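Remarks on the overall topology
Each chain, letter by letter, is given below.
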Amino acid sequence: MEIGRFAPSPSGRMHLGNVFSALLAWLSVRSAGGRMVLRIEDLDPDRCRPEYAVQLKRDLEWLGLFWDEEQTPQSQRTAAYAEAFAKLDAYPCYCSRSELHAASAPHAADGTFVYAGTCRNLTEAERAAKTRRPAWRVRVPDEEISFLDGLQGEVRENLARACGDFILRRSDGVYAYQLAVVVDDAAAGVTQVVRGYDLLSSTPRQLWLQTQLGLPHPQYYHVPLLCAPDGRRLSKRERDLDLGALREVMTAEALLGRLAHLAGLLDRPEPVTAAELSAWFDWNRVFTKNISINSVSFH
């Protein structure tokens, strides 16, 4: 059975782009007769709030995007991450943000920071002389990772050149997203991951971690981002078309119809329920490129 997941971060109200990804994830697994898992990704204690998690669930229910199982929130799964962390070849990194940028290798084509390996081969004496609390990075090989994305096609990336040794645990002790999401997806039995195109570059790192930990590889689908007419992608920080404003001016069916039209699933932006959409969902109809939207059409 196919198992999908929606994994929102409770750092604010969902915006239209979040709903777009959630809808496609839900439709993909429901159209295959599968199950949907909800996971609250509250790793970051500085940004995440319990009240936001409550609102996320209410908004998903209002949209008709119901789930079959709720996974334990990430903030309560530290022991599972620690167990996985102990199996990986990680080392302490004492670099400050300014030191990282000063010593960094050139950025990858997508703007990703590439770690230069500054702390990779420090001696025990050199580590003992450091006073900063370290983050922990994992040693990555100089080899290519490739996979077939269900929507974007073949993707190839050399981890050493694209990102370098990446962080598994922050200096404040919080485990990094890359490790947590791999552990969580395996624990929930997730077979398909549908998420925004902005996370495509994370996938080779996660596939590599899955291999190192002996975990299965889900099928990935990276969906287009919804962008403002000036090319800026929607964000919670700027409160672009969040559910609070949208629920005041339109029904759930009207919103879903417009999103389905933007995705390529409907010829016209007419009201429709999520259940009705699942009956004729087809990945072959979903657009692959980022989509420009005009906020006026949603008010």
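Described in the following lines is the structure provided in the data block. Everything quoted here is computed from the prediction, not taken from an experiment.

The next point concerns the sheet that holds strand β4 (residues 90–93). With antiparallel pairing, three strands are arranged side by side in an open sheet as β4-β5-β8. Each having just a single partner strand, β4 and β8 (166–169) make up the two edges of the open sheet. Taking the axes of each pair of neighbouring strands and ignoring which way they run, one obtains an average angle of 50 degrees across the sheet. Sheet analysis places strand β5 (residues 135–138) next to β8, joined by three bridges and oriented antiparallel. Within β8, the position partnered with V138 by the bridge is F166.

With that out of the way, let us pick up the pairing of strand β1 (residues 3–6). Of the two faces of β1, the one lined by I3 and R5 and the one lined by G4 and F6 are each fully buried. Relative to strand β2 (residues 35–38), β1 runs parallel, the two being bridged by four bridges. Each bridged residue has a counterpart across the sheet, and for G4 the counterpart in β2 is M36. The handedness of the β1 to β2 crossover, carried by helix α1 (residues 16–31), is right-handed.

Turning next to the packing of helix α7 (residues 177–188) against helix α8 (residues 203–213). Packing of α7 against α8 leaves a shortest axis separation of 9 Å and a crossing angle of 60 degrees. Our classification of the angle between α7 and α8 gives oblique. The interaxial crossing formed by α7 with α8 has right-handed handedness. Of α8, the residues touching α7 (which contributes Y177, Q178, L179, V181 and V182) are R205, Q206, L209, Q210 and L213. Residue composition of the contact of α7 with α8, by class: six nonpolar, three polar and one charged.

With that settled, the discussion passes to the sheet that holds β2. Judged by pairing direction, the sheet is parallel, and its three strands sit side by side in the order β1-β2-β3 without closing on themselves. Both outer strands of the open sheet, β1 and β3 (69–70), are each paired with one neighbouring strand and no more.

Further remarks concern helix α3 (residues 78–85). Residue pairs three or four apart in sequence face the same way in an α-helix, which turns once every 3.6 residues. Among the residues of α3, Y81, A84 and F85 are the ones counted as buried. Down the axis of α3, the buried set is contained in an arc of 100 degrees. They therefore lie on one face. Opposite its buried face, α3 presents the exposed residues A79 and E83, each directed more than 90 degrees away. On its buried face, α3 is in contact with β4, β5, β8, α7 and α8.

Relative to the helices and strands, Q71 resides in the loop between β3 and α3. Here the side chain of Q71 touches R39 through a polar contact of 3.1 Å, side chain to side chain. At 2.9 Å, the side chain of Q71 forms a polar contact with the backbone oxygen of D184.

The rules behind these values
- Residues numbered from 1 in each chain as written.
- Predicted model: local features only at pLDDT ≥ 70, side-chain atom pairs only at ≥ 80, totals over all residues.
- Heavy atoms only, no water.
- Pairing = 2+ DSSP bridges.
- Helix = DSSP H or I, 4+ residues; strand = E, 2+ residues; numbered from the N terminus.
- Axes fitted to C-alpha atoms, helices over the stretch in contact; angles between N-to-C directions.
- Buried < 20%, exposed > 50% of the residue type's maximum accessible area, 1.4 Å probe, protein only.
- Right-handed = clockwise from strand over helix to strand, strands pointing away.
- Parallel < 35°, antiparallel > 145°, perpendicular 65-115°, else oblique.
- Left-handed = near helix turned anticlockwise from the far one by under 90°.
- Contact = heavy atoms within 4.5 Å.
- Nonpolar A, V, L, I, M, F, W, Y, C, P; charged D, E, K, R; others polar.
- Arc of directions from axis to C-beta.
- Polar contact = N/O pair within 3.5 Å; in protein donor to acceptor, adjacent residues only side chain to side chain.

Shape is all these values report; function is a separate question.
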